[in-house]
Amino acid sequence: MESSSTTSNVNANRLFYASCFALITTAFSFAIAAGILDQLKTELELTASQAGLITSMWFAGFPIAMVIGGLIYHKVGGKIIMQFAFFAHTIGILLLIFSGSYVGLLVANLLIGLGNGCTEAACNPMIADAYKGTRMSKMLNRFHMWFPGGIAVGSLLSGFMTNFGIIGQSQVWLLLIPAVIYAYLFYGQTWPKAKIEEAATLSGNLKGMLTPLFAFIAICMALTAISEFGPNQWVGLILSKSGAEPTLILALTAGLMAVARFFGGDMVKRFDQTGVLLGSAILATIGIYLFSTQTGAMAYVAAIIFALGIAYFWPNMIGLAATKTPRTGALGMSLIGAIGMFSTSIFQPIIGGWIDADRAAASAQGFTGDELELVSGQETLGTMVIFPAILIVLFTILYFWMKNKKSEVEVATA
């Protein structure tokens, strides 16, 4: 049974634009954190594992907020969740600016992660409720376009500021600009109601999640997230020794992702979410493999293929939960996103450990200086290929699973 997805006093477009600025805040925090990670490693004399733990706090706060936000979304409303997001973003940003300690950076990244998770927990279901059908897929892709789009802008601004001597925590002030904008746009707005009444109840959500399909989607999400965020977070540190410009690689990857997501609705309409995800896994595998074997100009080719591969992962995994398991509602969408971020949080320090181990192994073989960093870094990227490679198998299974399910429905209704 459906209820009205919008009411006369719901300004869907203003809510959508506010959501985009909230996601730009998330993207800036990711881009600038990646941009200053190497500087902070040097200033605080951190190991790669410690730097990975700082990064993991950003990802750990994300799923915590997403799960809690999903649980309370239909009780307290998206407006309250976004008010907390602004509070967490603001305190986290200020702490990141003024803290000069390892523990302070851990807490700051955790708070920013909580703000980012609240953004996903509130905005994904809002968009799913405010728009219908293929337009919903289109708007979800365009909402998530601003994560890579914000990373592209943020990484370029970070590099520009570094060139002018504005380094480290001084760059973090930039995060407050989109945060203040989204707070203003959300102020006083009414949020849409759930399309399906059962999706607005916790019991309905849990019934929807206790299915083989939702469990399968959850497993795939864990792997798509680390396939995207693992290489993205470390590729700058690794490729800086290969003759490629790391900030340009990050900006190129993010910019292409943004463009691809702008047209995401058309891709889903033509190939369905399962076909798009399968093609994405193939391209991501090729892209990461090229990152692990190529240097110089070829690193940019790898970045293009990698970007086109991972572009559709996140929005279409969220969209997959919304369209294929609609009873799971806001909680289902939030839990899928939380699984992705929790997976990334777990793997970030592990990847840092891989880098430390591969560096030690390369050093034992006699490599030194830039060559040591390049050889060990590419070895680690070679290990990361396994994530999207597994996804090729899983998405092939999902593609035929959904195709057969659609055929069964058509036969039953014929």
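Residues numbered from 1 in each chain as written. Predicted model: local features only at pLDDT ≥ 70, side-chain atom pairs only at ≥ 80, totals over all residues. Heavy atoms only, no water.

### What to know about the overall build of the protein chain
Counted only if it meets this: A helix here means a DSSP run of H or I that spans at least four residues, while a strand means a run of E at least two residues long, and both kinds are numbered starting from the N terminus. Values of the radius of gyration come from C-alpha atoms, whereas the globule rule sets the reference at 2.2 Å times the count of residues to the power 0.38. Partly exposed describes any residue whose relative accessible area lies between the buried limit of under 20% and the exposed limit of over 50%, with all areas from a 1.4 Å probe on protein chains only and scaled to the type maximum. Throughout, a contact is declared for two residues whenever any of their heavy atoms are within 4.5 Å. Per-residue accessibility takes into account occlusion by the displayed protein chains alone, with areas from the Shrake-Rupley method and a 1.4 Å probe. Counting rule applied: Lys, Arg positive; Asp, Glu negative; His and chain ends not counted. Note on charges: their place is set at NZ of Lys, CZ of Arg, CG of Asp or CD of Glu.
In terms of helices and strands, the protein chain carries 16 helices and 0 strands. Computed over C-alpha atoms, the radius of gyration of the protein chain comes to 21 Å, within 12% of the 22 Å expected from 2.2 N^0.38 for 414 residues, which places it in the range of a compact globule. Referenced to the eigenvectors of the C-alpha coordinate spread, the extents of the protein chain come out at roughly 70 × 45 × 30 Å. Within the protein chain, the proportion of its 414 residues that are buried is 56%. Looking at the protein chain alone, contacts between residues at least 24 apart form 86% of all its contacts between residues at least 6 apart. Accessible surface, the protein chain: about 16,300 Å² in total, of which carbon and sulfur atoms supply 67%. The protein chain carries 21 positive and 20 negative side-chain charges, and their two centres are separated by 16 Å.

### A few points about the pattern of salt bridges
As a reminder, the rule being used: Within this document, salt bridges are pairs made up of a side-chain nitrogen of Lys or Arg and a carboxyl oxygen of Asp or Glu, the two lying within 4 Å of each other.
Overall, the coordinates contain 4 salt bridges when judged by the stated rule. A salt bridge links aspartate 272 to lysine 324, with the nearest nitrogen and oxygen atoms 3.5 Å apart. You can see aspartate 272 sitting in helix H11 (residues 264–293) and its partner lysine 324 sitting in helix H13 (residues 313–324), a full 52 residues away along the chain. Judged by its relative accessible area of 25%, lysine 324 falls in the partly exposed class. Where glutamate 373 meets arginine 359, a salt bridge forms, and the shortest distance between an N and an O atom there is 3.2 Å.

### Let's talk about the environment of glycine 204
Mapped onto the elements, glycine 204 comes out in helix H8 (residues 202–209). Ignoring any residue separated from it by four or fewer positions in sequence, one finds glycine 204 in contact with Glu198 and Arg327.

### Considering the environment of lysine 207
With respect to the element layout, lysine 207 can be found in helix H8. The sequence separation of lysine 207 and arginine 327 amounts to 120 residues, and the corresponding C-alpha distance is 7.5 Å. If we ignore the near neighbours within four places in the chain, the residues touching lysine 207 are Glu198 and Arg327.

### Section: the nonpolar core
What tends to happen in soluble globular proteins is that the nonpolar side chains get buried as a cluster. Going by this rule: Nonpolar cores were defined as sets of buried Ala, Val, Leu, Ile, Met, Phe, Trp, Tyr and Cys residues, with membership established by side-chain atoms within 4.5 Å.
Core analysis: the biggest nonpolar cluster contains 121 residues, and Met82, Phe186 and Phe395 have the highest contact counts within it. Here this core takes 15 residues from helix H1 (residues 12–43), the largest share from any one element. With residues near it in sequence (within four places) discarded, phenylalanine 186 still touches Leu15, Ala18, Ser19, Ala22, Met82, Cys123 and Trp191.

### What about a nonpolar patch on the surface?
Heads up, the condition is: Candidates for patches are residues over 30% relative accessible area with no salt bridge; among them, like charges are joined within 9 Å and nonpolar side chains (Val, Leu, Ile, Met, Phe, Trp, Tyr) within 5 Å.
A contiguous nonpolar patch, built from Ile64, Ile68, Leu71, Ile72, Val76, Ile80, Leu202 and Leu206 and spanning about 650 Å² of accessible area, is present on the exposed surface. At the level of secondary structure, the elements contributing two or more residues to the nonpolar patch comprise helix H2 (48–76) and H8. Locating leucine 202 in the fold gives a position in helix H8.

### Structural notes on helix H4 (residues 102–130)
Three- or four-residue spacings in an α-helix give side chains the same orientation, since the helix completes a turn every 3.6 residues. Convention followed: By this rule the span expected of a helix is its residue count minus one, scaled by 1.5 Å.
For H4, with 29 residues, the first-to-last C-alpha span of 42 Å sits near the 42 Å given by 1.5 Å per residue. With 24 of 29 residues buried, H4 is to be regarded as a mostly interior element.

### Concerning the confidence of the model for the protein chain
For clarity, the threshold we go by: pLDDT is a residue-level measure of predictor confidence that goes from 0 to 100.
Taken residue by residue, the protein chain gives an average pLDDT of 87. The fraction at 70 or more is 93%. Mean pLDDT in the protein chain bottoms out at helix H16 (residues 386–413), which sits at 82, and peaks at helix H7 (residues 176–186), which reaches 96. A low-confidence stretch, residues 410–414 stays under pLDDT 50, and its non-local contacts, those more than four residues away or across chains, total 0 contacts.

### Some remarks on the packing of H13 against helix H14 (residues 329–364)
So the rule is basically this: Each axis is a line fitted through C-alpha atoms, taken for helices only over the stretch in contact, and angles between the N-to-C directions span 0 to 180 degrees. We call a crossing left-handed when the near helix sits turned anticlockwise from the far one by less than a right angle, and right-handed when that turn is clockwise. Just so you know the grouping, Ala, Val, Leu, Ile, Met, Phe, Trp, Tyr, Cys and Pro go in nonpolar, Asp, Glu, Lys and Arg go in charged, and all remaining residues, Gly too, go in polar.
Contact geometry of H13 with H14 gives a least axis separation of 8 Å together with a crossing angle of 145 degrees. Our pair here, H13 against H14, has a crossing hand that is right-handed. Listed contacts from H14 to Trp314, Met317, Ile318, Ala321 and Ala322 of H13 are Met333, Ile336, Gly337, Gly340 and Met341. Counted by class, the contact of H13 with H14 contains 8 nonpolar, 2 polar and no charged residues.

### Quick notes on the packing of aromatic side chains
Test applied: Between 30 and 60 degrees the pair is tilted, below 30 it is stacked and above 60 it is edge-to-face, where a pair is any two Phe, Tyr or Trp rings, Trp via its six-membered ring, whose centres lie within 6.5 Å.
Here the structure, examined in full by the defined rule, presents 21 aromatic pairs. Seen in terms of ring centroids, phenylalanine 229 and tryptophan 314 are 6.0 Å apart; in terms of plane orientation they differ by 75 degrees. Their pairing is edge-to-face. Pair noted here: phenylalanine 229 is in helix H9 (residues 212–239) and tryptophan 314 is in helix H13, with a separation of 85 residues, a long-range link. Each member of the pair, phenylalanine 229 as well as tryptophan 314, is classed as buried.

### Observations concerning the packing of H2 against H4
Put simply, H2 and H4 touch, their axes get as near as 6 Å, and they point 35 degrees apart. As H2 packs across H4, the resulting crossing turns out to be right-handed. In terms of residue class, the contact of H2 with H4 is made up of 21 nonpolar, 10 polar and 2 charged.

### Describing the environment of valine 235
Tracing the sequence through the fold places valine 235 in helix H9. C-alpha separation for the pair valine 235 and isoleucine 249, spaced 14 residues apart in sequence, amounts to 8.3 Å. Contact partners of valine 235, with chain neighbours within four places excluded, come to Ile249 and Phe291.

### Regarding the state of the cysteines
To keep it simple, the criterion reads: When two cysteine sulfur atoms lie within 2.5 Å, the pair is treated as a disulfide.
Per the counting criterion, the structure on display carries 0 disulfides. The thiol of cysteine 118 is unpaired, and the distance to the nearest cysteine sulfur, on cysteine 123, comes to 10.0 Å. By relative accessible area, cysteine 118 is classed as buried at 6%. No disulfide involves cysteine 123; its nearest neighbouring cysteine sulfur is the one of cysteine 20, lying 8.5 Å away.

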